[in-house]
Amino acid sequence: MKKLLNTLPLLALLLVVSSCSSVRVATDYDKNANFGAYKTFAFFKTGIDKAEISDLDKRRILRAIEAELLAKGFTKSEKPDLLVSLFTKSQQRVDVYNNSWGYGGWGWGGFGPWGAGFGPGWGWGWNQPSVSTSTQGVLYIDLIDANKKELVWQGMGTGYLSRNMEKKEARIKEFVTEIMTKYPPGAQQ
């Protein structure tokens, strides 16, 4: 029992850390669509142009989607079975932590026989809260039946975005990969 109690804080920390970096995925699809009949794809420029993200990020997302679809056996075509579109949303999150010393904290700077500023003593502290901001993003990938012009599948991934340029491409690939593991419906997860 004691071992379990000692291990519990570590497990809780691992859960918190892993949940912050993961991508939560949800999908919806047309139950009447014949997903086995779709073999080719193209990007739906009109829909992609409306996505409110930088052109660099659009290209990163499109490259990742293309790689996933090619790995699933699709081919890119001028006369596609599926049109691929996307859109995004983002939300800024601000966390304020108030865990600093306050009035009457023990610290350095008391007055002693050596002069001001040396030795321990009671004094004024400061209560400076720390502020952390992060951006949570949502990526929607839409697959549209090119002949019927109807949405047949939508995948949505939600997670925290990186501002670090080196990590951004990897994070985008992670979003797309996690979403596309759910296509086609009923595929092995």
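### Quick notes on the environment of Pro129
If you trace the backbone, Pro129 turns up in the loop between strand S6 (120-122) and strand S7 (130-145). Judged by its relative accessible area of 38%, Pro129 falls in the partly exposed class. For the pair Pro129 and Val96, spaced 33 residues apart in sequence, the C-alpha to C-alpha distance is 6.5 Å. Once residues lying within four places of it in the same chain are set aside, the contact partners of Pro129 are Val96, Tyr97 and Asn98.

### Focus: the packing of helix H3 (residues 55-71) against helix H4 (residues 165-180)
Packing of H3 against H4 leaves a shortest axis separation of 9 Å and a crossing angle of 40°. As judged from the angle between their axes, H3 and H4 are oblique. For the pair H3 and H4, the crossing hand works out as right-handed. Facing H3, whose interface residues are Asp57, Arg60, Ile61, Arg63, Ala64, Ile65, Glu68 and Leu69, H4 presents Met165, Lys168, Glu169, Ile172, Lys173, Val176, Thr177 and Met180. Counted by class, the contact of H3 with H4 contains eight nonpolar, one polar and seven charged residues.

### Details of the packing of aromatic side chains
Evaluated as defined, the whole model comprises eight aromatic pairs. Between Phe35 and Tyr38, the ring centres sit 6.0 Å apart and the planes meet at 65°, which makes this aromatic pair edge-to-face. Tyr38 shares its class with Phe35; the two are buried. One aromatic cluster in this structure is built from Tyr29, Phe35, Tyr38, Phe41, Phe43, Phe74, Trp153 and Tyr183.

### Concerning unusual backbone geometry
In the segment running from Tyr183 into Pro184, the intervening peptide bond is cis, with an omega of -5°. For Pro184, the location among the structural elements is in the segment after H4. A positive phi angle, near 60°, is found at Lys149, a position not held by glycine. With respect to the secondary-structure elements, Lys149 resides in the loop between S7 and strand S8 (150-160).

### Digging into the nonpolar core
Ranked by size, the top nonpolar core spans 27 residues in total, and within it Ile141, Trp153 and Tyr183 carry the most contacts. Taken together, the elements giving at least two residues each to this core come down to H3, strand S4 (82-97), S7, S8 and H4.

### Considerations on H4
Residues three or four positions apart in an α-helix share a direction because the helix packs 3.6 residues into each turn. Taking 1.5 Å of rise per residue, 16 residues should cover 22 Å, and H4 covers 23 Å from first to last C-alpha, within 8% of that figure. All of the buried residues along H4 are Lys168, Arg171, Ile172, Phe175, Val176, Ile179 and Met180. End-on, the buried residues of H4 take up no more than an arc of 160°, which puts them together on one face. What points out from H4, more than 90 degrees from its buried face, is the exposed set Glu166 and Lys167. One side-chain oxygen of the residue at the start of H4 lies 2.9 Å from the amide nitrogen of Glu166, identifying that residue as Asn164.

### Comments concerning H3
Taking 1.5 Å of rise per residue, the 17 residues of H3 would be expected to cover 24 Å, and the 24 Å separating its terminal C-alpha atoms lies within 8% of that figure. Taken together, the buried positions of H3 are occupied by Asp57, Lys58, Arg60, Ile61, Leu62, Ala64, Ile65, Glu68 and Leu69.

Here is what the cut-offs are and how they apply
- Counting from 1, residues in each chain are numbered in the order their sequence is written.
- Local features in this predicted model are restricted to residues of pLDDT 70 or higher, and side-chain atom pairs are both shown and tallied only at a pLDDT of 80 or more, whereas totals for entire chains, interfaces and linings draw on every residue.
- Note that water and hydrogens are dropped before the side-chain values are worked out from all heavy atoms of the structure.
- Where helices and strands are cited, they refer to DSSP runs of H or I of at least four residues and of E of at least two residues respectively, numbered from the N terminus.
- Any residue under 20% of the maximum accessible area for its type is buried, any over 50% is exposed, and the rest in between are partly exposed; the area is computed with a 1.4 Å probe on protein chains only.
- Only heavy atoms enter the contact rule, under which two residues are in contact if any of them lie within 4.5 Å.
- Every axis corresponds to a line fitted to the C-alpha atoms, with the helix fit spanning only the stretch in contact, and the corresponding angles, defined between N-to-C directions, vary from 0 to 180 degrees.
- For classification purposes, an angle smaller than 35 degrees is called roughly parallel, one larger than 145 roughly antiparallel, one from 65 to 115 roughly perpendicular, and anything else oblique.
- Rotating anticlockwise by less than a right angle from the far helix to the near helix defines a left-handed crossing, while the corresponding clockwise rotation defines a right-handed one.
- Ten residues, namely Ala, Val, Leu, Ile, Met, Phe, Trp, Tyr, Cys and Pro, are considered nonpolar, four, namely Asp, Glu, Lys and Arg, are considered charged, and the remaining ones, Gly among them, are considered polar.
- Within 6.5 Å between ring centres, the rings of Phe, Tyr and Trp (the latter by its six-membered ring) count as paired, and their orientation is classed by plane angle as stacked under 30 degrees, edge-to-face over 60, tilted in between.
- Among buried residues, the Ala, Val, Leu, Ile, Met, Phe, Trp, Tyr and Cys ones that are joined through side-chain atoms within 4.5 Å form a nonpolar core.
- Any helix carries an expected span of 1.5 Å times its number of residues minus one.
- For this quantity, the arc is that covered by the directions from the helix axis to the C-beta atoms.
- We call two N or O atoms a polar contact when they sit within 3.5 Å, provided that within protein one can donate a hydrogen and the other can accept it, with sequence-adjacent residues counted only if both atoms are side-chain atoms.

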